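A look at the structure
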Amino acid sequence: MAKGRTTVFFCQSCGYESPKWLGQCPGCREWNTFVEETVEKKSAGRAREERKAAAAPVCLSSIEMKEEERLGTGTEELDRVLGGGIVPGSLVLVGGDPGIGKSTLLLQVCRRLAADGHDVLYISGEESLRQIRLRADRLGSFSDRLRLLCETNLDTIQETIRSDKPQVVIIDSIQTMYNENISSAPGSVSQVRESTSVLMQLAKGLGITVFIVGHVTKEGTVAGPRVLEHMVDTVLYFEGDRHASYRILRAVKNRFGSTNEIGVFEMREDGLAEVKNPSEYMLNGRPEAASGSVVACSVEGTRPILLEIQALVCRSPLAMPRRTAAGMDYNRVNLLLAVLEKRLNLPLSNSDVYINIAGGIRINEPAIDLGVVLAVVSSARDKAIDEKVMAFGEVGLSGEVRAVSQADKRVQEAKKLGFTTVILPEVCREQIGKVEGVRLCGVRTVADAVKVI
């Protein structure tokens, strides 16, 4: 082995480092994920030089504060998720399933930034120039300020960025880039980590915004070491079924804004179109006078979204009836069904129960509990709920309906879409007061809610 090099083992799932091979990773508990890689050790002289160049500590009061100047991407949904736009010098990681639309979204951002007079460099390690041109022709005309480069050698990429000095750089994808100083193959833990480190130094040193596209594993997390997400400033996940038309952009980390916002897009022939009213989009095609269908409201960040919750309860021939939940937590559904059996004496132990949130969106907020409960009762009794009724509220184990945040925004969203009755926790009704054109029905328990419908 060459001088200054050593062999270590990395976990491909989480990046855990070990001097020897292990069958099970102590970090993520996955089996057979360790791979052997050669890393280069820094000499003592280089380490001393780096310590000498370290910055001296300063007082907190002596630091000057100024408002960050953000660069608009021309896409309101993306700007919302980023916290108001692009921060110069930031490093943004965009992950998502293959074919979900990551490259299409970033190419549309490049098109709008270049049209506004900003210099943009799109670096692809997966596609040829002709393939990029084919996708670009579907999106529209592009300005000459957008330049393309097909390269995987990080040294060449680094020289190009330093010479051209673009304002925004797109790296598609980080798993295809390789550093000649690292002996392992592209996409390995060492290559991904070192390549991201080089790009981070370029972004911070030159004030360039760098977007990195990352592949995801079968579990839905960005492939490579976990430290990759810690190194970048913002982590965005592009979610949705590639066979459906909708897409959701969600921030799981953001040093310059909130992580609660989401952006909704629709995939069309000419690219991704913004969905500025997700509630209307999610309720499109809702059946009329059908039992087991209720509209509930969830809040993602500052945006209320109305959703159709569907329930199907039917007698089961099985000894152990089926429980299926699509779009929400399976264990939460079982909890709510147990509350109905105990507090309402609703016989569900001999019935199959299927819960679905229409549109394919996934919601984890407990505010949709009341909607799930009412949908199950409606299907079990085969009685339709008025299509102008919307419900929200968290349900506790004793059957009480608990308050949720931003109730006024939920009610205003229901009013905007023409709903005339809102079933909500009594505490929230007292806080809101009266709303013109909307009947507010405050409930304290699940039994009260069932009586209203």
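Our subject in this report is the structure included herewith. Everything numeric here is computed off the predicted structure, so don't read it as measured data.

Cut-offs applied
- Residues numbered from 1 in each chain as written.
- Predicted model: local features only at pLDDT ≥ 70, side-chain atom pairs only at ≥ 80, totals over all residues.
- Heavy atoms only, no water.
- Helix = DSSP H or I, 4+ residues; strand = E, 2+ residues; numbered from the N terminus.
- Contact = heavy atoms within 4.5 Å.
- Areas by Shrake-Rupley, 256 points an atom, 1.4 Å probe, with all protein chains shown as cover.
- Lys, Arg positive; Asp, Glu negative; His and termini not counted.
- Charge placed at Lys NZ, Arg CZ, Asp CG, Glu CD.
- Axes fitted to C-alpha atoms, helices over the stretch in contact; angles between N-to-C directions.
- Parallel < 35°, antiparallel > 145°, perpendicular 65-115°, else oblique.
- Left-handed = near helix turned anticlockwise from the far one by under 90°.
- Buried < 20%, exposed > 50% of the residue type's maximum accessible area, 1.4 Å probe, protein only.
- Pairing = 2+ DSSP bridges.
- Right-handed = clockwise from strand over helix to strand, strands pointing away.
- Phe/Tyr/Trp six-rings, centres within 6.5 Å; stacked < 30°, edge-to-face > 60°.
- Lys NZ or Arg CZ within 6 Å of the ring centre and 35° of its normal.

Some points on the overall build of the chain
The helix and strand tally for the chain stands at 13 helices and 21 strands. Each principal axis of the C-alpha distribution contributes one length, and for the chain these read about 75 × 55 × 55 Å. Partitioning the intrachain contacts of the chain with sequence separation of at least 6 by distance along the chain shows that 65% fall at a separation of at least 24. A total of about 22400 Å² of accessible surface is found on the chain, and carbon and sulfur atoms cover 48% of it. The averaged location of the 58 negative side-chain charges in the chain is 4 Å from the averaged location of its 57 positive side-chain charges.

Focus on the packing of helix H3 (residues 102-115) against helix H4 (residues 129-139)
Two numbers describe how H3 lies on H4: the axes approach to 11 Å, and their chain directions differ by 65°. The orientation of H3 relative to H4 falls into the category roughly perpendicular. The crossing of H3 and H4 is right-handed. The residues of H4 that touch H3, namely those facing Ser103, Thr104, Leu107, Gln108 and Arg111, are Ile132, Arg135, Ala136 and Leu139.

A look at the pairing of strand E20 (residues 421-425)
Across the five residues of E20, five count as buried, placing the element largely inside the fold. Direction of pairing for E20 relative to strand E21 (residues 439-443): parallel, over a ladder of five bridges. Looking at E21, one finds that Val422 is bridged to Leu440. In the classification by handedness, the crossover that spans E20, the intervening helix H12 (residues 426-432) and the parallel E21 is right-handed.

Here's the deal with the packing of aromatic side chains
Under the definition given, this model contains two aromatic pairs. The aromatic ring of Phe392 is capped on one face by Arg410, whose charged end is 5.6 Å from the ring centroid.

Topic: the sheet that holds strand E6 (residues 146-150)
Overall, mixed pairing links the nine strands, which are arranged E6-E5-E7-E8-E4-E9-E10-E11-E12 in an open sheet. Whereas interior strands pair on both sides, the edge strands pair on one side only; in this sheet they are E6 and strand E12 (271-274). Taken pair by pair, the neighbouring strands of this sheet meet at an average axis angle of 25°, ignoring direction. Relative to strand E9 (residues 234-239), strand E4 (residues 91-96) is paired through five bridges, and the arrangement is parallel. The residue bridging Val94 from the neighbouring strand is Leu236, located in E9. The strands that H3 touches are E4, strand E5 (120-124), E6, strand E7 (168-172), strand E8 (209-214), E9, strand E10 (246-254), strand E11 (262-268) and E12; relative to E5, the one it contacts most, it runs at about 155°. Together, E5, E6 and E7 form the strand contacts of helix H5 (residues 154-164), whose direction differs from that of E5 by roughly 170°.

Some thoughts on the environment of Thr6
With respect to the helices, strands and loops of the structure, Thr6 is situated in strand E1 (residues 5-11). For Thr6, a relative accessible area of 22% puts it in the partly exposed group. Between the alpha carbons of Thr6 and Ala296 there is a distance of 57 Å; along the sequence they are 290 residues apart.

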